[in-house]
There are 2 protein chains.
Amino acid sequence: VNAEPRPAAVRKADTLAKLRDPAADVWVASAGTGDAGDPVPWLVPLSLAWLDERVVLALETSSRTARNVVAGGGARLALGHTRDVVMIDAVLEDAVPLAGAPTPLAEGYAAQADWDPRDAGDGYTFLVLRPERIQAWRESDELAGRTLMRGGTWLV
Amino acid sequence: VNAEPRPAAVRKADTLAKLRDPAADVWVASAGTGDAGDPVPWLVPLSLAWLDERVVLALETSSRTARNVVAGGGARLALGHTRDVVMIDAVLEDAVPLAGAPTPLAEGYAAQADWDPRDAGDGYTFLVLRPERIQAWRESDELAGRTLMRGGTWLV
């Protein structure tokens, strides 16, 4: 049962609600390099915080996702479920080891996520990702008009 | 509110139920190569069919996901939501253009998915992906024991 396609302003509001949702999770796709120099995909679910228009992740510094994103400089993120998606292409703005993290970053992350990496011991890093493109759609009738941000600028 | 961690047999049954679910979707992470030879992640939601222990996708031959998977030979898939996930590392067994697809493949796909690529015109391809590793977990208490298949063989 499809409703009418949502106008852009509604899609933006829905997108921001997903990004600000307490204990929100995000699918994080990254890519690394195999032994033969071939590109290798990786994908994990992680908790996020939405701080100053940035997606902030906290993860083990040695994790495959952290290594991929730091080396490659970006990630592709998905929020929501497969028929109500927000897709975000993001570039790495900063990688901040937990020990050196500014208080607002660590407090902000802990306030939205349902865990606090400061309780998890050393070896964690915050990745601060700046969205370059954001798209939101539910079903095929919403593919038109799905782009809400392009080149880091909201279109709506 | 967490239940007890599920035993392996229950996780396998839950996983197969997700794979066999009518109109099931899957997150498909693939990786391509950028202009500088750098690995570039890609991620999209797609409908799947579970046929003969293979994940079958139908998508535009020219799509970025199809090109990445055909070139790279594999994908990483996620079913379910972020706190009840099935992660599948899969290798490409076959890429079958729609026009040459055997009837059981095309019928099988259409029977489970909620669309039929044969109605979508030319330019579509079935990707037949063989799971190499399958993991299933809900929350952190289920990280132990999450591997249900390794090296293409069910462990349970």
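Coordinates for the structure precede this section.
The rules we used
- Residues numbered from 1 in each chain as written.
- Chains lettered and ligands numbered in written order.
- Predicted model: local features only at pLDDT ≥ 70, side-chain atom pairs only at ≥ 80, totals over all residues.
- Heavy atoms only, no water.
- Helix = DSSP H or I, 4+ residues; strand = E, 2+ residues; numbered from the N terminus.
- Rg over C-alpha atoms; globule rule 2.2 N^0.38 Å.
- Buried < 20%, exposed > 50% of the residue type's maximum accessible area, 1.4 Å probe, protein only.
- Contact = heavy atoms within 4.5 Å.
- Areas by Shrake-Rupley, 256 points an atom, 1.4 Å probe, with all protein chains shown as cover.
- Lys, Arg positive; Asp, Glu negative; His and termini not counted.
- Charge placed at Lys NZ, Arg CZ, Asp CG, Glu CD.
- Least-squares fit on C-alpha atoms with pLDDT ≥ 70 in both.
- Buried area = accessible area lost by both parts, 1.4 Å probe.
- Salt bridge = Lys/Arg side-chain N within 4 Å of Asp/Glu carboxyl O.
- Polar contact = N/O pair within 3.5 Å; in protein donor to acceptor, adjacent residues only side chain to side chain.
- Nonpolar A, V, L, I, M, F, W, Y, C, P; charged D, E, K, R; others polar.
- Phe/Tyr/Trp six-rings, centres within 6.5 Å; stacked < 30°, edge-to-face > 60°.
- Arc of directions from axis to C-beta.
- Pairing = 2+ DSSP bridges.

## Quick notes on the overall build of chain A
- Each helix and strand in chain A was counted, giving 3 helices and 8 strands.
- Put simply, chain A runs from its N terminus to its C terminus through helices and strands in the order α-β-β-β-α-β-β-α-β-β-β.
- Compactness check: chain A gives a C-alpha radius of gyration of 16 Å against a globular reference of 15 Å for 156 residues, within 12% of the reference.
- Taking the principal axes of its C-alpha atoms as reference, chain A extends roughly 50 × 40 × 30 Å.
- By the burial criterion, 49% of the 156 residues in chain A qualify as buried.
- Here the contacts in chain A between residues at least 6 apart in sequence split such that 61% fall between residues at least 24 apart.
- Summing over all exposed atoms, chain A offers an accessible surface of approximately 7100 Å²; the carbon and sulfur share of this is 51%.
- Computing the positive centroid from 16 side-chain charges and the negative centroid from 22, chain A places the two 7 Å apart.

## A word on the relation of the copies chain B and chain A
- Here chain B sits on chain A after a turn of 180° about the axis and a move of 0.0 Å along it, with an RMSD of 0.0 Å. In symmetry terms, the pair is related by a two-fold rotation axis. Taking C-alpha positions as reference, the residue of chain B nearest the rotation axis is Pro39 of chain B, located at 2.4 Å.
- Taken as a fraction of all interface residues of chain B, those also at the interface in chain A reach 100%, which identifies the copy contact as same-surface.

## What about the interface of chain B and chain A?
- With 30 residues of chain B in contact, the opposing surface of chain A contributes 30 residues.
- Together chain B and chain A conceal approximately 2300 Å² of surface at their shared face, both sides included; 66% is due to carbon and sulfur atoms.
- Where chain B packs against chain A, one counts 4 salt bridges.
- Across the salt bridge formed by Arg83 of chain B and Asp25 of chain A, the nearest N and O atoms sit 2.5 Å from each other.
- Between chain B and chain A we count 10 residue pairs in polar contact (both at pLDDT 80 or more) in total.
- Counting residues per element, the ones that place at least two in the side of chain B that touches chain A are strand 1 (25–33), strand 2 (39–51), strand 4 (74–81), strand 5 (84–97) and strand 6 (124–137) of chain B.
- Ranked by the residues each element gives to the side of chain B that touches chain A, the list is headed by strand 2 of chain B, at 8 residues.
- Across the side of chain B that touches chain A, the residue classes tally to 17 nonpolar, 7 polar and 6 charged.

## Some points on the packing of aromatic side chains
Residue and element names in this part refer to chain A.
- Counted under the stated rule, the structure contains 6 aromatic pairs over all chains.
- Plain terms: the ring middles of Tyr109 and Trp115 are 6.1 Å apart, the flat faces sit at 90° to each other, and that makes the pair edge-to-face.
- Tyr109 sits in the buried class, given a relative accessible area of 0%.
- Residue class for Trp115 comes out partly exposed when judged on its relative accessible area of 27%.
- Plain terms: the ring middles of Trp115 and Tyr124 are 5.7 Å apart, the flat faces sit at 65° to each other, and that makes the pair edge-to-face.
- According to the relative accessible area criterion, Tyr124 is buried, its value standing at 18%.

## Points about helix 2 (residues 64–72) of chain B
Residue and element names in this part refer to chain B.
- Along helix 2, the positions that sit buried rather than exposed are Thr65, Ala66, Asn68 and Val69. Looking down the long axis of helix 2, one finds its buried residues gathered within 165° of arc, a one-sided arrangement.
- Those residues of helix 2 that are buried lie in contact with strand 1, strand 2, strand 3 (54–60), strand 4, strand 5 and strand 6.
- Of the residues one or two after helix 2, Gly73 is the one with positive phi, at around 85°.

## Things to note about the environment of Glu60 of chain A
Residues and elements named next belong to chain A.
- Tracing the backbone shows Glu60 in strand 3 (residues 54–60).
- Sequence-wise, Glu60 and Asp14 are 46 residues apart; in three dimensions their C-alpha atoms are separated by 30 Å.
- With sequence-adjacent residues up to four places away left out, Glu60 is seen in contact with Ala66, Gly123 and Tyr124.

## Notes on the pairing of strand 4 of chain B
Residues and elements named next belong to chain B.
- Within strand 4, 6 of the 8 residues are buried, which leaves the element mostly enclosed by the surrounding structure.
- Where strand 1 meets strand 4, 3 bridges bridge the pair, whose relative direction is antiparallel. Residue pairing in the sheet places Trp27 in a bridge with Ala78 of strand 4.
- Where strand 4 hands over to strand 5, the hairpin turn is made up of 2 residues, counted between the paired strands.

## Notes on the pattern of salt bridges
- The full count for this structure, using the stated rule, is 31 salt bridges over all chains.
- A salt bridge links Asp14 of chain A to Arg138 of chain A, with the shortest nitrogen-to-oxygen separation between them at 3.6 Å. Here Asp14 of chain A, found in helix 1 (residues 8–20), pairs with Arg138 of chain A, found in the loop between strand 6 (124–137) and strand 7 (147–150); they are 124 residues apart in sequence, far enough to count as distant.
- Note on Asp14 of chain A: relative accessible area 24%, which makes it partly exposed.
- Of the charged contacts, one joins Arg83 of chain B and Asp114 of chain A as a salt bridge, the two residues approaching to 2.6 Å between their closest N and O atoms. Here the residue Arg83 of chain B occupies a position in the loop between strand 4 and strand 5, and Asp114 of chain A occupies one in the loop between helix 3 (103–112) and strand 6, the pair thus bridging two chains.
- In this structure, a network of salt bridges that share partners links the residues Arg6, Arg11, Asp14, Lys18, Asp84, Arg138 and Glu142 of chain A.

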